[in-house]
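Below, each chain spelled out in residue letters.
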Amino acid sequence: MIPEEYFYSIALRECSQIGDINFYKLVRTFGSAQEAWKRAKKEYRKIEGLGQKTVADIGNKEHLDFAEKELQYCEKNNIRIKARHLNELPPLLSECMDAPAILYQKGNDEYAVPTISIVGTRNMTGYGRQFIEDFFDATQSSQFISVSGLALGIDKEVHEKSIQYRKPTIAVLAHGFQFLYPAKNRKLSERILQEGGCLITEFNSSRKPDRENFIQRNRIVAGISPSTLVIETGFGGGSISTASFANDYNRDVFALPGKITDPYSQGCNQLIFHNKATAISTVKDLVNILGFNHPKEKIEELFPFHEPPIQMTENQNLIYQFIKENPQISLDDLSQETAISPYKILPIILELELLGKVKSFSGRQFIAI
């Protein structure tokens with residue numbers, strides 16, 4: 001039997017002026033949803049910023065009837081209810097000021113490994129698909145849970161690769177459990193549950209997948225993980241809102257850069273340009289930054305089939321060898337040893353730095369990496 005506190009939580013959250021933030025204020029003040037339901041209408045002045053209009057709908061019997069039907073639906077369909085004020089939400093999500101008051105959940109989410117949110121456009125290209133393949137291949141021996149939104153495109157690919165590589169995956173829905181949007185992903189949602197993942201939503205069972213729900217959903221995707229990867233997105237894509245939420249929550253955001261002429265890379269490029277995301281340069285670097293344990297011994301550079309092996313020019317190789325044999329050699333000494341003018345050496349040094357071959361220090365000294 002589901003505790004009575006859930007019954008009053010659902011009823012209270014259904015009140016017209018009680019959003020997630022006001023809900024949390026009420027339960028903190030009165031100690032429980034049940035007490036808030038009984039007392040808030042008379043004692044609302046105890047809460048700063050809450051007026052009579054805000055609490056006017058509390059006590060409406062229609063909300064109690066709704067809550068009763070919702071509990072019956074959840075019990076019948078093996079849906080668990082989790083309340084923020086009962087400390088039942090994922091810990092990172094619970095820290096967010098606007099965290100959902102209630103989460104409805106199907107499946108298992110009791111994991112002691114980190115989560116990572118991966119999002120992107122519904123119009124995935126081969127570029128995005130290859131990155132996801134490379135990322136999951138490089139992290140085969142790492143333990144993590146992927147989080148995405150069960151949309152077509154990048155989201156679908158993330159959930160499918162998670163299943164393929166035996167990683168638990170969480171799908172965050174933008175509607176209630178009476179619906180599954182998009183319908184094309186119904187079989188995928190069933191596989192997620194079969195493989196030990198879960199589906200979660202803040203929306204009651206009868207809530208349809210309305211347009212405004214998707215941005216609201218994105219804050220959960222951003223808040224549930226310490227890091228969010230944006231794979232491909234256009235200007236104004238839904239993933240931009242996820243990145244924005246992640247920034248607001250002080251989470252790490254990474255974006256996959258692309259050609260400025262590619263429409264589904266332009267959003268990622270803008271995030272990077274405006275310092276709203278760190279550029280993903282290689283899968284190896286990303287895995288190291290994320291701190292995943294025990295990655296594969298050999299991790300290829302991002303999209304190696306696009307990049308020929310590094311071949312240094314004659315001048316690059318000459319400068320590199322001198323630096324390698326003479327650690328922390330100065331620019332003047334390097335010029336004297338190679339008989340090349342300093343102004344000609346500096347561009348070569350920059351090229352070697354970009355190739356990851358040389359590192360510069362103050363005083364114009366260099367070492368080979």
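You'll find the structure just up there.
Now for a description of the structure that goes with this document.

Cut-offs and rules
- Residues numbered from 1 in each chain as written.
- Predicted model: local features only at pLDDT ≥ 70, side-chain atom pairs only at ≥ 80, totals over all residues.
- Heavy atoms only, no water.
- Buried < 20%, exposed > 50% of the residue type's maximum accessible area, 1.4 Å probe, protein only.
- Helix = DSSP H or I, 4+ residues; strand = E, 2+ residues; numbered from the N terminus.
- Contact = heavy atoms within 4.5 Å.
- Salt bridge = Lys/Arg side-chain N within 4 Å of Asp/Glu carboxyl O.
- Polar contact = N/O pair within 3.5 Å; in protein donor to acceptor, adjacent residues only side chain to side chain.
- Axes fitted to C-alpha atoms, helices over the stretch in contact; angles between N-to-C directions.
- Parallel < 35°, antiparallel > 145°, perpendicular 65-115°, else oblique.
- Left-handed = near helix turned anticlockwise from the far one by under 90°.
- Nonpolar A, V, L, I, M, F, W, Y, C, P; charged D, E, K, R; others polar.
- Pairing = 2+ DSSP bridges.
- Right-handed = clockwise from strand over helix to strand, strands pointing away.
- Phe/Tyr/Trp six-rings, centres within 6.5 Å; stacked < 30°, edge-to-face > 60°.
- Lys NZ or Arg CZ within 6 Å of the ring centre and 35° of its normal.

**Notes on helix α8 (residues 154–164)**
Here's step 1: For α8, the buried fraction is high: 8 of the 11 residues fall into the buried class.
Here's step 2: Structurally, α8 contributes buried residues whose contacts are with β3 (115–119), α7 (126–138), β4 (145–148), β5 (169–172) and α9 (186–194).
Here's step 3: Following α8 by one or two positions, R166 adopts a phi angle in the positive range, close to 60°.

**Structural notes on the pattern of salt bridges**
Here's step 1: Inspection of the entire model under this criterion finds 10 salt bridges.
Here's step 2: A salt bridge links R13 to D20, with the nearest nitrogen and oxygen atoms 3.0 Å apart.
Here's step 3: The exposure class assigned to R13 is partly exposed, which follows from its relative accessible area of 25%.
Here's step 4: Here the salt bridges do not stand alone but share partners, grouping R13, D20, D98, E202 and R219 into one network.

**So, the side chain of N213**
Here's step 1: Checked against the element boundaries, N213 lands in helix α10 (residues 211–223).
Here's step 2: For N213, the side chain forms a polar contact with the main-chain oxygen of A174, separated by 3.2 Å.
Here's step 3: If we ignore the near neighbours within four places in the chain, the residues touching N213 are A174, F203, R207 and K208.

**Brief notes about the packing of α7 against helix α13 (residues 283–290)**
Here's step 1: Running from amino to carboxyl end, α7 crosses α13 at an angle of 55°, the nearest separation of the two axes being 10 Å. Put simply, α7 runs oblique to α13. Judged by the twist between their axes, the crossing of α7 over α13 is right-handed. Taking contact as the criterion, the partners of F131, D134, F135 and A138 in α7 are, on α13, V283, L286 and L290.
Here's step 2: Residues of the contact of α7 with α13, tallied by class, amount to 6 nonpolar, no polar and 1 charged.

**A look at the pairing of strand β7 (residues 227–230)**
Here's step 1: Of the two faces of β7, the one carrying S227 and L229 and the one carrying T228 and V230 are both buried.
Here's step 2: Bridge count between β3 and β7: 3 bridges; the pairing is parallel. Within β7, the residue paired with I118 across the bridge is L229.
Here's step 3: Pairing of β7 with strand β8 (residues 252–255) involves 4 bridges; the strand directions are parallel. Opposite V230, over in β8, you have A255 as the bridge partner.
Here's step 4: Crossover β7 to β8 through helix α11 (residues 238–248) is right-handed.

**As for the packing of aromatic side chains**
Here's step 1: All told, the structure shown has 9 aromatic pairs when counted by the stated rule.
Here's step 2: Summarising the aromatic geometry, the rings of F135 and F144 are spaced 5.9 Å apart at their centres and angled 55° between planes, so their arrangement reads as tilted. Just as F135 is buried, F144 falls in that class too.
Here's step 3: Taken together, the ring pairs connect F131, F135, F136, F144 and Y165 into an aromatic cluster.
Here's step 4: We note R84 situated over the ring of Y24; from NZ or CZ to the ring centre the distance is 3.8 Å.
Here's step 5: Taking NZ or CZ as reference, R122 lies 5.8 Å from the ring centre of F214, over its face.

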